[in-house]
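A structural walkthrough
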Amino acid sequence: MTAGPWRSNPGGRARERSRKARAFYGAERLQRRALETDADRARLAARVRVVEWTVAAAVLILLLGFWQLQLVHGAHYAELADNNQLRQTRIRAARGLILDRNGEVLATNRASYEVALIREAVEDETAVLEWLSRVLDQPLATLGARLDTQRRLPRFMPAVLASGVSQDKVVTIQARRREYPGVIVQVGIQRYYPRGTTAAHVLGHVGEISPRQLATWGSAYSMGDIVGQLGVEGVYNDDLAGAPGSKLAVVDSSGREVRTLDQQPPDPGRTVILTLDVNLQERIEALLRGRKGAVVVLDANTGGILALASSPSFDPNAFAARFSVQDWQALIQDPERPLRNRTLGANLPPGSIFKLVVATAGLEEGIITPRTRYFCPGGKTFYGRFFDCLGQHGEVNVVQALALSCNSFFYELGVRLGRERIVKWASRLGLGNVTGIDLPQEQSGLIPSDEWLQSTGRRYYPGDTVSISIGQGMLQVSPLQLAHLVSIVATGFVRQPHLLYRVEEPSAGRAAARTHTLLARPAEFRESTRRVVLRGMAGSISYGTSRQARLQPIQVGGKTGTAQMASSERVAEKDEDRPEHLRNHAWFVAVAPIQEPEIVLAVFLEHAGGGGAVAAPLGGQVLASYFGVPADQVGYREIPIDPRETTQRGQREPTLPAARPPGSGSPRQR
Amino acid sequence: MILIDRRSLRIFDYVTLLNVAALLAIGVVLVASASAGQDLDLARRQAVWMAIGLGLALVVGAINYRHFIDNAYLIWGSAVVMLMAMLVFAPRISGARSWIRIGGFSLQPSEFAKIAVILALARLFSDREPRDFGLRSMLVPGFLVAVPALLIGRQPDQGTAITFLPILAVVAWVAGLRGKSIATLVGVGAAAAPLWYLTLKDYQIRRLTSFLNPEADPHGAGYQLVQSKIAVGSGGFAGKGLFSGTQSQLNFLPEQENDFIMALVGEELGFVGVAIVLLLYLTLLIRLLRAAYVARHRSGALLCAGLAALLAFQLIINVGMVIGYVPITGLPLPLLSYGGSSIMSTCIGVGLVISVRNRRFLL
């Protein structure tokens, strides 16, 4: 039978030609390839024989090598093996400290009791596990699973089943040491967060290295290592982890260590110092307790994070002791989502805070000057639809419009600017992109840019511009982005928000391994624009929607926002009457002191109501806490108003001096 | 299309197959011993590989090897494409992009690339006039070898990349490269070695040089070698017996089911075991080379020489490493070490040689 390549292939001219060619060349080639002549064959055989002898010689040399090792020096090595077996083990490095800007300890290590099993000494594994399950009060399946992951360890090595075991349980276990000889209690290092839930979202937590991390981080780590997960623990893991040491020990034939030959101590991890002020953070978290929301406080002059609080929070210490499956399930299935860092999650409409962007755009693009006035009759009709304003503000300029959060003014200005110019300025002020803070899982949010509209295929109607002018519709931001935005607007500089202050070597006089490089560039707007917007924010505090955040004697600039969550049909209902998930989000941003900005803050309260009513008072408390002002100095008291200055609703106000407030406004204003 | 005639089964070279089977069986037992006390999963897998490998050798041996020679360039091209794809798509597993997962198994395409290169070289040299040739004729063969070798070196897997050099050297020598040219090549290679040394990473240099004085660095790169020598040396004449080597059973010996499996032979089976294993390898290699004498065609002869070169080189380097004669490289011991890809590619190669032998009387 002939096979494929040689089979003749009748039919088709091309095939016929190729058959002929193959018959011709193929035959010749076959001739050439065959070992026809004896001379060819002899020469080839001679050369193969050289290879043969070389191989044989090499194998002989190897055999002699074994002869020498096993028979000549056999006794020597046998002695080494019998009496002096060497074993190399890893010594885990102590994880570096995390400190706040004042040196307060945020994360450290402490000794903890670990219960471990030496399989070699156990006869009935199931019985021992059942007993431990009862003593430790942990499900049998959990202990079994933990043992299974460590089955590749040699049988004489302890497999850790539980850590962070309490003293009384340790006593119980040790009391029955004779009955269960394979169960030992050892002291291990455990990560400890002395302030519990404080700054949990900033710090992240530690946990056993996952197979995926092991694959990507490579050879410096090994299975079972405790590494940082999320937060600062995760981002600066390479600094915090240190390098494991090793121990070369002589062990007897049962694997027990007899003496240590050589020991390389581990390099402890570096100390990571954050810009955070943990006392401020703690006070803010106290203010947030029982609510859902977030507060970001930035150092206006550096971009350093002073406080980054997200509520509800969790206790990272729970992760340090090996976590049970149930605890984990409970934490991720909690409807309040305590693990979510609300300061970085950017699925929130900014509400009226966005008016800062529109005002800046209007001034810079030359659509308005500080003197330009628009009339507010309590709402306006665009493209056949009525867009309302929560007050009837009459003729207002940009400073008053910001202070009173007048929608009509910004509808008008936004429509004249158009989507593209609004998007351009939103982007310049840091929206629609991550700020680049040194924390994982920051979201970029959304602005209706050309790219976004193209990639999602969303239709954009002219009416959408009216909505985004007051921060509703196709806009999504994070609390951090808004704090960043306010810092740009208030200082005229774009500064990178960051948490790292510096990294220090653990010993040797705390030499700085590296210090965070401050990144700052001038913002792309004029000084005059900055001053006008700041006057608007000052007005908001002194006579506008942010009065609840007023703080004597510090001069504060603020802006409130209320992000509507309800669709248009339900707007008519009162906010408090709606189901919780449809209630408004409350926003408040501030800068203080306004002449020489020191801090910038953003307050976000999830489904809590109006910004002026809910978020601003909390913002005022944060400011009071930072400046050390008594809390009762926050807010404003009704002062009898001079009747000459009161205005009727809807009444035209022909002129208003920019420096003076246009009356107290209606109490319904945001 | 590919037919197995009864005649080829009757004259089938069962002796070589038995030789391979003996080595594979020893490997399964050793892997079981290496992982004793943990689980027998590795040994069970190795047994499956053994069965698959022998089956492959049987099937490939019954097919006319000239089908493979005729498609050699196509096979070479597919191997190169595969290696390129590895650099882009393969996941990093312990630092190298050498493995892909198919079903539940990890495969190492570089193992199969070796066979592809041997086929391509056999085809190339057999197409040429059988007479002495010089260095200029080495350009194309050099290219055929350099491309996959560089691709594998990039994974990075320098150990496997280097195995291509002895293949090229032996096939070219058997095909008729002038002795003078070989001397020149060796000279150039010796001169280039320092340059190559400069491109190595620190840890690679440490691995390469620590065999000269392993006791100087018993923590790091020297640790494996110290442990390996203790294991082998303490085995003595008759060994400590299977499943009772203290070095290996107490896990002192890293990689004992892989690259250091020969140390396990030394410890548990002693000098006797080592001698038996080495003799089995020697008879296998001699049989592979003898197939080159009787081959009907030059391509067959070169194929046998190439495969023998590959196996001999891996044997010498791996076994030499265990007793500290050569630097520690990540080369497995063919047929004995744990791992499916190496076993399968070696068995395919042996099958090809069997096919060459079977067809010594046929045109």
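Values in this document were obtained by computation on a predicted structure and should not be read as measured data. (Residues numbered from 1 in each chain as written. Chains lettered and ligands numbered in written order. Predicted model: local features only at pLDDT ≥ 70, side-chain atom pairs only at ≥ 80, totals over all residues. Heavy atoms only, no water.)

Assigned secondary structure in chain B consists of 16 helices and two strands. Put simply, 74% of the contacts in chain B that link residues at least 6 apart link residues at least 24 apart. Split by element, the accessible area of chain B, about 14,000 Å² in all, is 68% carbon and sulfur. (Helix = DSSP H or I, 4+ residues; strand = E, 2+ residues; numbered from the N terminus. Contact = heavy atoms within 4.5 Å. Areas by Shrake-Rupley, 256 points an atom, 1.4 Å probe, with all protein chains shown as cover.)

Scanning chain A from terminus to terminus reveals 21 helices and 23 strands. Counting across all 670 residues of chain A, residues that qualify as buried make up 51%. In chain A, the proportion of contacts linking residues at least 24 apart, taken out of those at least 6 apart, comes to 72%. Counting only carbon and sulfur atoms, one obtains 51% of the accessible surface of chain A, whose full area is about 31,300 Å². (Buried < 20%, exposed > 50% of the residue type's maximum accessible area, 1.4 Å probe, protein only.)

Before going further, it helps to spend a moment on helix H7 (residues 139–153) of chain B. Residues and elements named next belong to chain B. The end-to-end C-alpha separation of H7 is 20 Å, in line with the 21 Å expected for 15 residues at 1.5 Å each. Among all positions of H7, only Pro141, Leu144, Val145, Val147, Pro148, Ala149, Leu151 and Ile152 are buried. The secondary structure elements touched by the buried residues of H7 are helix H5 (72–89), helix H6 (109–127), helix H8 (158–162) and helix H9 (164–175). (Expected span 1.5 Å × (residues − 1).)

Moving on to a nonpolar patch on the surface. Residue and element names in this part refer to chain A. On the surface, a nonpolar cluster with roughly 420 Å² of combined accessible area is contributed by Leu60, Leu64, Trp67 and Val72. If you trace the backbone, Leu60 turns up in helix H2 (residues 38–72). Of the residues examined, Leu60 reaches a relative accessible area of 51% and is grouped as exposed. (Patch = residues over 30% accessible without salt bridge, like charges linked within 9 Å, V, L, I, M, F, W, Y side chains within 5 Å. Salt bridge = Lys/Arg side-chain N within 4 Å of Asp/Glu carboxyl O.)

Glancing now at the nonpolar core. Core analysis: the largest hydrophobic core is formed by 126 residues, its most contacted members being Phe66 of chain A together with Leu121, Phe125, Met262, Leu278, Leu307 and Leu336 of chain B. When residues of this core are assigned to their parent elements, the largest contribution, 19 residues, is made by helix H14 (residues 261–294) of chain B. Setting aside anything within four residues of it in sequence, one finds Leu307 of chain B in contact with Ile115, Ile118, Leu288, Gly349, Val350 and Val353 of chain B. Val202, Tyr236, Val358 and Phe409 of chain A belong to the second largest nonpolar core, which has 91 residues in total. (Core = buried A, V, L, I, M, F, W, Y, C linked by side-chain atoms within 4.5 Å.)

Our focus in this paragraph is the packing of helix H2 (residues 14–34) of chain B against helix H16 (residues 340–358) of chain B. Packed helix pairs are specified by the crossing angle of their axes together with the interaxial distance, meaning the distance between the axes. Residue and element names in this part refer to chain B. Put simply, H2 and H16 touch, their axes get as near as 10 Å, and they point 165 degrees apart. Judged on the interaxial angle alone, H16 and H2 are roughly antiparallel. Crossing of H2 against H16: the hand is right-handed. Contacts between H2 and H16 involve Thr16, Leu17, Val20 and Leu24 from the former and Ile343, Cys347, Val350 and Ile354 from the latter. Looking at the contact of H2 with H16, its residues break down into seven nonpolar, one polar and no charged. (Axes fitted to C-alpha atoms, helices over the stretch in contact; angles between N-to-C directions. Parallel < 35°, antiparallel > 145°, perpendicular 65-115°, else oblique. Left-handed = near helix turned anticlockwise from the far one by under 90°. Nonpolar A, V, L, I, M, F, W, Y, C, P; charged D, E, K, R; others polar.)

So, on to the packing of aromatic side chains. Residues and elements named next belong to chain A. A full pass over the atoms with the stated rule returns 10 aromatic pairs over all chains. Look at Phe382 and Tyr411: their rings are 6.1 Å apart centre to centre, the planes differ by 70 degrees, and that puts the pair in the edge-to-face class. Within this pair, whereas Phe382 is found in strand S14 (residues 379–382), its partner Tyr411 is found in helix H16 (residues 407–428), the two being separated by 29 residues in sequence. A cation sits over an aromatic face here: Arg419 above Tyr460, 5.3 Å from the ring centre. Against the face of Trp425 rests Arg428, its NZ or CZ located 4.7 Å from the ring centre. (Phe/Tyr/Trp six-rings, centres within 6.5 Å; stacked < 30°, edge-to-face > 60°. Lys NZ or Arg CZ within 6 Å of the ring centre and 35° of its normal.)

Attention now moves to the environment of Thr172 of chain A. Residue and element names in this part refer to chain A. Within the secondary structure, Thr172 sits in helix H6 (residues 167–175). Residue Thr172 is classed as partly exposed on the basis of its relative accessible area, which comes to 37%. A distance of 2.8 Å separates a polar side-chain atom of Thr172 from the backbone oxygen of Asp168. (Polar contact = N/O pair within 3.5 Å; in protein donor to acceptor, adjacent residues only side chain to side chain.)

All names here are of chain A. Read from one edge of the open sheet, five strands run S12-S11-S23-S22-S21, paired in antiparallel fashion. Strands at the two margins of the open sheet, each flanked by one partner only, are strand S12 (305–311) and strand S21 (557–563). Strand-to-strand twist across the sheet, computed as the mean angle between neighbouring axes with direction ignored, equals 5 degrees. Taken together, the seven bridges between strand S11 (residues 293–299) and strand S23 (residues 599–605) define a ladder with antiparallel strand orientation. Bridge assignment links Leu298 to a residue of S23, and that residue is Val600. Helix-sheet contacts for helix H20 (residues 527–542) involve S21 and strand S22 (585–592), and the interaxial angle to S21 is about 75 degrees. (Pairing = 2+ DSSP bridges.)

Further remarks concern the pattern of salt bridges. One pass over the full model with this rule turns up 27 salt bridges over all chains. Here Arg176 of chain A makes a salt bridge to Glu179 of chain A, at a shortest N to O gap of 2.9 Å. Overall, Arg176 of chain A belongs to the partly exposed group, its relative accessible area being 31%. As a salt-bridge pair, Arg357 of chain B and Asp13 of chain B come within 3.1 Å of each other at their nearest N and O atoms. Of this pair, Arg357 of chain B sits in helix H16 while Asp13 of chain B is found in the loop between helix H1 (6–10) and H2, placing the two residues 344 residues apart along the sequence.

The next point concerns the confidence of the model for chain A. One rule of thumb: low pLDDT means the predicted coordinates there are not for detailed reading. All names here are of chain A. Looking at chain A, pLDDT values average 82 and 81% of them are 70 or higher. Least confident of the elements in chain A is helix H1 (residues 13–33), whose mean pLDDT is 50; most confident is helix H14 (residues 355–364), at 96. Confidence drops under a pLDDT of 50 for residues 1–11, and excluding neighbours within four residues, the segment shows 17 contacts in the predicted structure. (pLDDT = per-residue confidence, 0-100.)

As a further point, take the side chain of Thr360 of chain A. Examined against the element boundaries, Thr360 of chain A turns out to sit in helix H14. The contacts of Thr360 of chain A, once residues within four sequence positions are left out, are Trp425, Leu429, Val489, Phe525, Thr529 and Val533 of chain A.

Bringing the environment of Ala490 of chain A into the picture now. Residue and element names in this part refer to chain A. Residue position: Ala490 is located in helix H19 (residues 479–491). Considered as a pair, Ala490 and Leu534 are 44 residues apart in the sequence and their alpha carbons are 6.5 Å apart. Residues in contact with Ala490, not counting those within four places in the same chain, are Arg530, Leu534, Val591 and Pro597.

Moving on to the confidence of the model for chain B. Per-residue confidence for chain B gives a mean pLDDT of 83; residues scoring 70 or more make up 84%. Mean pLDDT across the secondary structure elements of chain B bottoms out at helix H13 (residues 246–249) of chain B, with 63, and peaks at helix H15 (residues 298–322) of chain B, with 93.

Residue and element names in this part refer to chain A. Following Ser311, the chain continues into Pro312 via a peptide bond in cis, with omega recorded as 0 degrees. The topology assignment puts Pro312 in the loop between S12 and helix H12 (317–320). Residue Gln552 is joined to Pro553 through a cis peptide bond whose omega torsion reads 0 degrees. Along the chain, Pro553 turns up in the loop between H20 and S21.

Residues and elements named next belong to chain B. At a minimum axis distance of 7 Å, the contact between helix H3 (residues 41–62) and H16 shows a crossing angle of 25 degrees. Taken together, H3 and H16 sit at an angle that is classed as roughly parallel. The two elements H3 and H16 cross, and the hand of that crossing is right-handed. Contacts from Gln46, Trp49, Ile52, Gly53, Leu54, Leu56, Ala57, Val60 and Gly61 in H3 reach Gly340, Ile343, Met344, Cys347, Ile348, Gly351, Leu352, Ile354, Ser355 and Asn358 in H16. Broken down by class, the residue content of the contact of H3 with H16 amounts to 12 nonpolar, seven polar and no charged.

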